[in-house]
Amino acid sequence: MIRSWSIGDIRVTRLVEYYGPTHDPATTFPAFDRARFDRQVASLAPGDYVPGIDRLVIAVQIWIVFAGSTVILVDTGVGNHKPRPAARMNRLNTLAPLWLAAAGVAPEAVTHVVMTHLHNDHMGWNTVLEDGAFVPAFPNAQYLVPKEDFVYFKDLLDSGMAPDPSLEDSLLPVFESGLVRFVDRQPTIAGVLRVERAAGHTPGHTTYWIESNGMRGVFSGDVFHHPIQIYEPDWNTSFCIAPRAARQVGHALLARAAETGALVMPCHFPPPGAGYVRRDGDGYRFEPAA
Ligand SMILES: [Zn+2]
């Protein structure tokens, strides 16, 4: 549920909002091929896939970065009490605020809330329900939002095409409180995270790199949803808005993660939720973090 790793002087903690066997691989990956999948499943950890019901194990995790007095949350999960079309996300009522406290995070102490992109499972805990209204959960934080995503999803909302009310319940109240900044121009967040555009999954998808004492890490958001994609990098998910760009971003990230030995910290990987990409012949393999 709560696990930490060190990257040089920086501590990163993974907090799981929930996880389980939820995703049918054939509908998750448009390029899915059953024979290839069956071969690659042998490379996965036993808990990554549940063959009896043919479901990939997918998590929703919130990353916390501790660097001196700077406390950064990277992506904020689904959140509580929010109406969502997917049953697994609809009106959750978890103890995530208590788990944040267990991870050593008081809401007032969070200095930055950073989003890789603006899908509903990455900004839910931006706000909490108070007296019937959603208000910012981290009152002293700067919320950093990829601008291209905001423009894209606000357009959908304004044209009545939004898939759910997530922008209205999880981001607009934060805007109204004056806590949002766009992340598109600055090179780093608080000198701790290096900002890199990684558009494809969404128009503004962004990754955040850490470097400390020669060690590296990357918050890769939804560049990959599941370890099977390390073995089949051309398998985008059906949630990718620009599939070709998403594939290029995926290949580039694999090459760099393998070259630098970075700890890869995605949003949705099953336990332990992070790991290393290693070269393996012409391709790659995934080594879960110890
Ligand atoms: Zn996601």
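Since the structure is predicted, the reported quantities are computational estimates derived from the model, not experimental observations.

K.L.:
Looking at this structure, how should I read the overall build of the protein chain?
P.N.:
In terms of regular secondary structure, the protein chain is built from seven helices and 17 strands. The C-alpha atoms of the protein chain give a radius of gyration of 18 Å, which matches the 19 Å a tight globule of 290 residues would have. For the protein chain, the spread of C-alpha atoms along the three principal axes comes to 50 × 45 × 35 Å. Counting over 290 residues, the protein chain shows a buried share of 54%.

K.L.:
Can you walk me through helix H7 (residues 243-260) in this structure?
P.N.:
Between its first and last C-alpha, H7 extends 26 Å over 18 residues, near the 26 Å set by a 1.5 Å rise per residue. Buried residues of H7: Ala 246, Val 249, Gly 250, Leu 253, Leu 254, Ala 257 and Ala 258, and no others. Down the axis of H7, the sector holding all buried residues measures 155°, keeping them to one side. Exposed residues lying more than 90 degrees from the buried face of H7 are Arg 244, Gln 248 and Glu 259.

K.L.:
What exactly am I supposed to notice about the pattern of salt bridges here?
P.N.:
Any two side chains of opposite charge can pair, given that their charged atoms come close. For the structure shown, the criterion picks out ten salt bridges. One salt bridge connects Glu 148 with Arg 197, and the closest N-O pair in it is separated by 3.2 Å. In this pair, Glu 148 is assigned in helix H4 (residues 147-158) and Arg 197 in strand E12 (residues 193-197), connecting sequence segments 49 residues apart. According to the relative accessible area criterion, Glu 148 is partly exposed, its value standing at 27%. Measuring nitrogen to oxygen at the nearest pair gives 3.8 Å for the salt bridge that ties Arg 285 to Glu 287.

K.L.:
Can you walk me through H4 in this structure?
P.N.:
Given 3.6 residues per turn, any residue in an α-helix points the same way as the ones three and four places further on. Compared with the 16 Å implied by 1.5 Å per residue over twelve residues, the 16 Å span of H4 between its first and last C-alpha is a close match. Of the residues making up H4, those classed as buried are Asp 149, Phe 150, Phe 153, Leu 156 and Leu 157. Taken down its axis, H4 places every buried residue within 130° of arc, on the same side. Looking at the buried positions of H4, the neighbouring elements they touch are strand E9 (142-145), helix H5 (166-176) and strand E10 (180-182).

K.L.:
How should the coordination of the zinc ion be read in this particular structure?
P.N.:
Metal coordination angles in their ideal form are 109.5 degrees for the four-donor tetrahedron and 90 or 180 degrees for the six-donor octahedron. Summarising the metal site, the zinc ion is bound by the protein donors Asp 121 (OD), His 122 (NE2), Asp 222 (OD) and His 268 (NE2), whose distances to it range over 2.0 to 2.4 Å. If you look at the zinc ion, its four donor atoms make angles of 83 to 165° with each other, and the shape they trace is irregular. Positions of the donor residues of the zinc ion along the chain correspond to the pattern D-H-x99-D-x45-H. For Asp 121, a relative accessible area of 9% puts it in the buried group.

Reading the values: the criteria
Residues numbered from 1 in each chain as written. Predicted model: local features only at pLDDT ≥ 70, side-chain atom pairs only at ≥ 80, totals over all residues. Heavy atoms only, no water. Helix = DSSP H or I, 4+ residues; strand = E, 2+ residues; numbered from the N terminus. Rg over C-alpha atoms; globule rule 2.2 N^0.38 Å. Buried < 20%, exposed > 50% of the residue type's maximum accessible area, 1.4 Å probe, protein only. Expected span 1.5 Å × (residues − 1). Arc of directions from axis to C-beta. Salt bridge = Lys/Arg side-chain N within 4 Å of Asp/Glu carboxyl O. Contact = heavy atoms within 4.5 Å. Donors = N, O, S within 2.8 Å, 3.2 Å for Na, K, Ca; no water. Tetrahedral: all angles 85-135°; square planar, octahedral: opposite > 155°, others 65-115°.

Everything listed here is a matter of geometry and, on its own, says nothing about what the molecule does.
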